[in-house]
Amino acid sequence: MAMNFSRRAVLQGALATLVSGACGSGVLTPSASAQSARMPFSQWVEAFGARARSRGISGATYARVMGALKPDTSVYALDKAQPEFKEEVWQYLNRRVSDWRIGIGIERAREYAPLLEKIERTHGVDRYVMLGLWGMESAFGDVVTNPKHMRPVFPALAALAWGEPRRRRYWEQELLNALVIVDRGWARPDEMIGSWAGAMGHTQWMPEVWLNMGVDFNGDGKILPFGPPDDALAGTAQYIAKRGKYRPGEGWGYEVRLPKGMGGAGGRKSIAAWQDKGVTRATGKPFPRPGEQARLWQPVARGPAFLLTRNFDAIKSYNPANTYALAIAHLGDRLKGEGPFVQQFPGGERAPTLAEVQELQKRLTAAGFDTDGTDGRVGKDTMKAIRDFQRKVGMQPADGYAGLKVLARLRASGA
């Protein structure tokens with residue numbers, strides 16, 4: 001989105017709290033009041049109406065959305081919160097490029113093959129990049145309207161625009177963008193469900209993305225990030241193509257082996273130049289396009305290293321974190337049929353299989369640690385159950401990671 005931040009620079013906390021609890025009651029606590037504007041909320045709503053009118057939003061729409069709205073002041077704590085679970089890079093990748101996600105992604109790739117082919121033909125973005133992003137952002141639509149993970153957007157955005165001083169101008173603009181969406185008739189206020197920061201739908205659009213990058217790809221007269229994934233995936237592909245400057249027909253990068261003594265970082269040069277320095281593909285295969293420009297990145301010393309092309313940066317335009325973009329790219333490759341990384345992260349372990357995660361969840365549940373299901377998907381409840389178990393038995397660190405060491409300890413304890 002055309003703003004001073006990359007699309008989700010303000011949403012790093014939102015990713016960590018995607019599975020946070022339901023929205024607050026809207027009742028102001030003393031701490032919430034201290035964070036809010038000096039003007040009472042009702043007076044602020046009345047004053048903010050002038051901004052809405054100057055944006056072309058009708059008085060009827062403004063009254064309909066804002067008239068009886070109560071601010072969701074629980075978002076202040078979420079905005080300031082640190083992630084509850086700390087993850088090493090290998091844990092982050094294992095949890096997101098999991099057997100569960102790969103299995104669902106393969107099903108979605110088959111189910112939506114004609115749509116994905118059309119989007120790829122129209123916008124030039126590889127379908128597996130789009131599948132990886134869809135899987136990362138909403139678990140292929142699984143959490144889009146789940147009240148356990150999402151909340152009404154307007155109470156959240158209004159609270160942030162009214163009482164969050166650090167980025168108030170940003171939140172005001174996103175609230176206005178959301179009001180424009182309602183004014184255009186694209187969605188009802190109650191349909192607009194998202195994260196605490198206002199990101200919505202299959203690919204977690206902020207209102208600005210919805211307005212400016214959205215596409216009515218299924219021709220129903222509306223642009224929607226909810227429901228069928230047509231508009232969400234097409235609009236996101238357009239975003240990556242236009243704002244990320246994606247290059248059709250090129251890859252995102254390659255896992256590589258480094259010659260002895262080479263550092264794990266380096267600026268952009270042709271892959272052929274990297275080859276001249278002794279860099280080779282970890283798989284042993286040749287590089288398909290030696291003329292591609294790429295930079296060197298090794299997330300962890302002595303771990304896997306990568307040559308990252310410009311298309312990796314195009315993926316990063318959607319979220320500026322390297323590990324996030326790597327997870328999308330790697331998930332897409334796994335859905336394409338490629339294997340896990342060849343090299344291991346130091347101190348890491350392989351990703352557990354679906355059956356192993358399900359066994360872990362069943363054993364935890366039987367031992368009195370509620371995982372809220374045994375489907376092999378690791379969410380916040382499973383991570384909390386693991387952390388509670390780790391603390392009980394003295395495992396360090398108590399990081400909540402659903403890994404092989406925890407499973408072995410559960411088996412040994414007879415749980």
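Rules used throughout
Once a new chain begins, its residue numbering starts again from 1 and follows that chain's sequence as written. Owing to the predicted nature of the model, reporting of local features is limited to residues with pLDDT of at least 70; listing and counting of side-chain atom pairs is limited to 80 or more, with chain, interface and lining totals taken over all residues. Heavy atoms throughout the structure, all of them, feed into the side-chain values; hydrogens and water do not. Under the DSSP-based scheme used, a helix requires at least four consecutive residues in state H or I and a strand at least two consecutive residues in state E, with every element numbered from the N terminus. Only protein chains enter the accessibility calculation, which uses a 1.4 Å probe; a residue is then buried when its area is under 20% of its type maximum, exposed when over 50%, and partly exposed in between. Think of a 1 Å grid over the protein atoms and nothing else: a 1.4 Å probe that fits but is trapped marks a cavity, an open set flanked by protein within 12 Å on at least five of seven lines marks a pocket, and residues with an atom within 4 Å of a point count as lining. Grid points are joined across faces, edges and corners, and a volume is the space filled by probe spheres set on the points. Each residue is assigned to one of three groups, with Ala, Val, Leu, Ile, Met, Phe, Trp, Tyr, Cys and Pro labelled nonpolar, Asp, Glu, Lys and Arg labelled charged, and all others, Gly among them, labelled polar. By definition, a salt bridge exists where a carboxyl oxygen of Asp or Glu is found within 4 Å of a side-chain nitrogen of Lys or Arg. Among buried residues, the Ala, Val, Leu, Ile, Met, Phe, Trp, Tyr and Cys ones that are joined through side-chain atoms within 4.5 Å form a nonpolar core. Two residues qualify as a contact provided that any one of their heavy atoms is within 4.5 Å of a heavy atom in the partner residue.

A. Unusual backbone geometry, seen in detail. With an omega of -5°, the peptide bond between glutamine 396 and proline 397 qualifies as cis. Its place among the elements puts proline 397 in the loop between helix H18 (380-393) and helix H19 (404-413). Within the chain, alanine 139 stands out as a residue other than glycine whose phi angle is a positive 55°. By secondary structure assignment, the location of alanine 139 is in the loop between helix H9 (127-138) and strand S1 (151-152). At phenylalanine 140, a position not held by glycine, the phi torsion is positive, near 60°. With respect to the helices and strands, phenylalanine 140 occurs in the loop between H9 and S1. Under the relative-accessibility criterion, phenylalanine 140 is labelled buried at 4%.

B. Spotlight on the layout of surface pockets. Roughly 610 Å³ of volume is contained in the second largest pocket. Taken together, 31 residues make up the lining of the second largest pocket; nearest its centre are Trp252, Gly253, Arg281, Asp333 and Glu338. Contributions of two or more residues to the lining of the second largest pocket are made by H9, strand S3 (253-257) and helix H16 (322-336). In terms of residue count, H16 provides more of the lining of the second largest pocket than any other element does, 6 residues in total. Residues of the lining of the second largest pocket, tallied by class, amount to 13 nonpolar, 8 polar and 10 charged.

C. Local environment of the pattern of salt bridges. Taken as a whole and assessed by the stated rule, the structure comprises 22 salt bridges. If you follow the salt bridges from partner to partner, you end up with Glu87, Arg95 and Arg96 in one network.

D. Main features of empty space enclosed by the protein. Going through the model one piece at a time under the given rule, you end up with 2 cavities of 30 Å³ or more. Here the largest cavity defines a volume of roughly 130 Å³. Considering the residues around the largest cavity, the lining is formed by 14 residues, among which Asn94, Arg95, Ser98, Val357 and Val378 are closest to the centre. Elements supplying a minimum of two residues to the lining of the largest cavity: helix H6 (89-96) and helix H7 (99-111). Ranked by the residues each element gives to the lining of the largest cavity, the list is headed by H7, at 3 residues. In terms of residue class, the lining of the largest cavity is built from 7 nonpolar, 3 polar and 4 charged.

E. Representation of the nonpolar core. By size, the foremost hydrophobic cluster in this structure holds 96 residues, and its most contacted members are Met66, Leu175, Met192 and Trp210. The residues touching methionine 192, leaving out its near neighbours within four places in the chain, are Arg151, Pro152, Val153, Phe154, Ala178, Ile181, Val182, Ala187, Met200, Trp210 and Phe226. Listed in part, the 14 residues of the second largest apolar core include Val357, Phe369, Val378 and Met383.

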